[in-house]
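Okay, here's what each chain looks like letter by letter:
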Amino acid sequence: MIVSRRPEGLLLVRQVDHQEQCGLMAAAWGNAEFARPQPYGPLATAAAVHDEGWRAWEEAPQVGEDGAPVDFPQIDRPTHVALYREGIEGAIAHDERAGLIVSMHGLGLYEGRLGLDPGPATPRRARPPAVQAFLAEQDTVQGELRERIGVGPALDAWAWAGYRLLQTWDVMSLHLTWRAQAGGRETTLPQVPRSVGDPGVTLTLRPAGDLAATCDPWPFGGDVVELPVAARVIEERRYASDADLQGALRAAPWETRRFRLGRLSPPGT
């Protein structure tokens, strides 16, 4: 659950709705400067299912010790790795290449996004036992998938480009639905690939109104990308229990937040 404070209350976006928004980004991706890695279908699938393991938890979300809904970074580590393990297994069942990218995503959440985040990642030995076990397991999963798909530099280059694209869509969606957009802050996305083998460029997102942001350089077809997402708003208060929160969510109407990304300036200007 992605939780952000807004003037009207707490805006809650489920991870499974966030991943649908990422799927829209994947569908719109690509232009003369930003090529789609081939095969592209597995990357679009990875975008659309990378947080699928959250679905059951989000049917019955929980409150923290402070009485607030548990925001996604606050979930306890054993539960977190269990959700991602389930989601990775489901992605592999869809498509092995998609499963490889989603496994890399899950592993990267604990390892500095595989070098995309600044600074050193926390060593594995300093992680909780459940996390250490999960990371070792994903090393094995990825090795087995690479063997079945066909190990070699071509797969390595494709997977690294695909992983970075998934990180780009993931962070773009979080910029819109979580804290940055609402706070008027810009977000930079490093090493965004323009092709397989490309070291990548930095994209910058800047808020341009409540539901809009600009992106530069521009990686999509067309000049604007519409990115609606399902959401609910609940009162910002202390919730007495999980049942209290879940009751408030059942009473809250679903709405569609119609976010959009646009070019910083028209092409040729």
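Now for a look at the structure at hand. (Residues numbered from 1 in each chain as written. Predicted model: local features only at pLDDT ≥ 70, side-chain atom pairs only at ≥ 80, totals over all residues. Heavy atoms only, no water.)

On to the pairing of strand S2 (residues 9–13), then. Within S2, 5 of the 5 residues are buried, which leaves the element mostly enclosed by the surrounding structure. Here strand S1 (residues 2–6) runs beside S2; their pairing, made up of 5 bridges, is antiparallel. From the neighbouring strand, Arg-6 faces S2, where its bridge partner is Gly-9. Joining the antiparallel neighbours S1 and S2 is a turn of 2 residues. Relative to strand S6 (residues 224–234), S2 runs antiparallel, the two being bridged by 3 bridges. Paired with Leu-12 across the two strands is Arg-232, which belongs to S6. (Buried < 20%, exposed > 50% of the residue type's maximum accessible area, 1.4 Å probe, protein only. Helix = DSSP H or I, 4+ residues; strand = E, 2+ residues; numbered from the N terminus. Pairing = 2+ DSSP bridges.)

With respect to the helices and strands, the residue Leu-165 is situated in helix H7 (residues 153–177). Judged by its relative accessible area of 0%, Leu-165 is buried. Between the alpha carbons of Leu-165 and Leu-43 there is a distance of 8.1 Å; along the sequence they are 122 residues apart.

Okay, the layout of surface pockets next. A probe matching the size of a water molecule, rolled over the atoms, marks out where space remains unfilled. Size it by volume and the largest pocket reaches roughly 690 Å³. Taken together, 32 residues line the largest pocket, and the ones lying closest to its centre are Phe-72, Asp-170, Val-171, Leu-174 and Trp-178. Secondary-structure elements contributing two or more residues to the lining of the largest pocket are helix H1 (15–28), helix H4 (77–94), helix H5 (96–108), H7 and strand S3 (187–192). Taken together, the residues that form the lining of the largest pocket break down as 14 nonpolar, 10 polar and 8 charged. The space that makes up the second largest pocket amounts to roughly 260 Å³. Those elements giving two or more residues to the lining of the second largest pocket turn out to be S1 and helix H8 (180–183). Within the lining of the second largest pocket, the residues separate by chemical class into 6 nonpolar, 3 polar and 5 charged. (1 Å grid on protein atoms, 1.4 Å probe; cavity = no way out; pocket = protein on both sides within 12 Å on 5 of 7 lines; lining within 4 Å. Points joined across faces, edges and corners; volume = space filled by probe spheres on them. Nonpolar A, V, L, I, M, F, W, Y, C, P; charged D, E, K, R; others polar.)

With 8 bridges joining them, S6 and strand S7 (residues 255–263) adopt antiparallel strand pairing. Along S7, the bridge assignment pairs Pro-228 with Arg-258.

Attention now goes to the nonpolar core. Judged by nonpolar contacts, the single largest core of 75 residues is most densely connected at Trp-29, Trp-169, Met-172, Leu-203, Ile-234 and Leu-261. For this core, the element with the most residues is H7, which contributes 11 residues. Apart from residues no more than four positions distant in its own chain, Met-172 is found in contact with Met-25, Trp-29, Leu-189, Leu-203, Leu-205, Cys-215, Pro-219, Phe-220 and Leu-261. (Core = buried A, V, L, I, M, F, W, Y, C linked by side-chain atoms within 4.5 Å. Contact = heavy atoms within 4.5 Å.)

Glancing now at the state of the cysteines. Scanning the entire structure with this criterion turns up 0 disulfides. As a non-bridged cysteine, Cys-22 has Cys-215 as the owner of its nearest cysteine sulfur, 14 Å distant. (Disulfide = S-S within 2.5 Å.)

Moving on: the sheet that holds S3. Reading across from one edge, S1-S2-S6-S7-S5-S4-S3 is the order of the 7 strands in this open sheet, with mixed pairing throughout. Only two strands of the sheet have a single partner each, and these edge strands are S1 and S3. The sheet shows a mean angle of 30° between the axes of neighbouring strands, direction not considered. The pairing of S3 with strand S4 (residues 201–207) spans 4 bridges and is antiparallel. Within S4, the residue paired with Leu-189 across the bridge is Leu-203. Each of S1, S2, S6 and S7 is contacted by H1, which is oriented at about 175° to S6, the strand it contacts most. Lying over the sheet, H7 contacts S1, S2, S3, S4, strand S5 (212–216), S6 and S7, oriented at roughly 170° with respect to S3. (Axes fitted to C-alpha atoms, helices over the stretch in contact; angles between N-to-C directions.)

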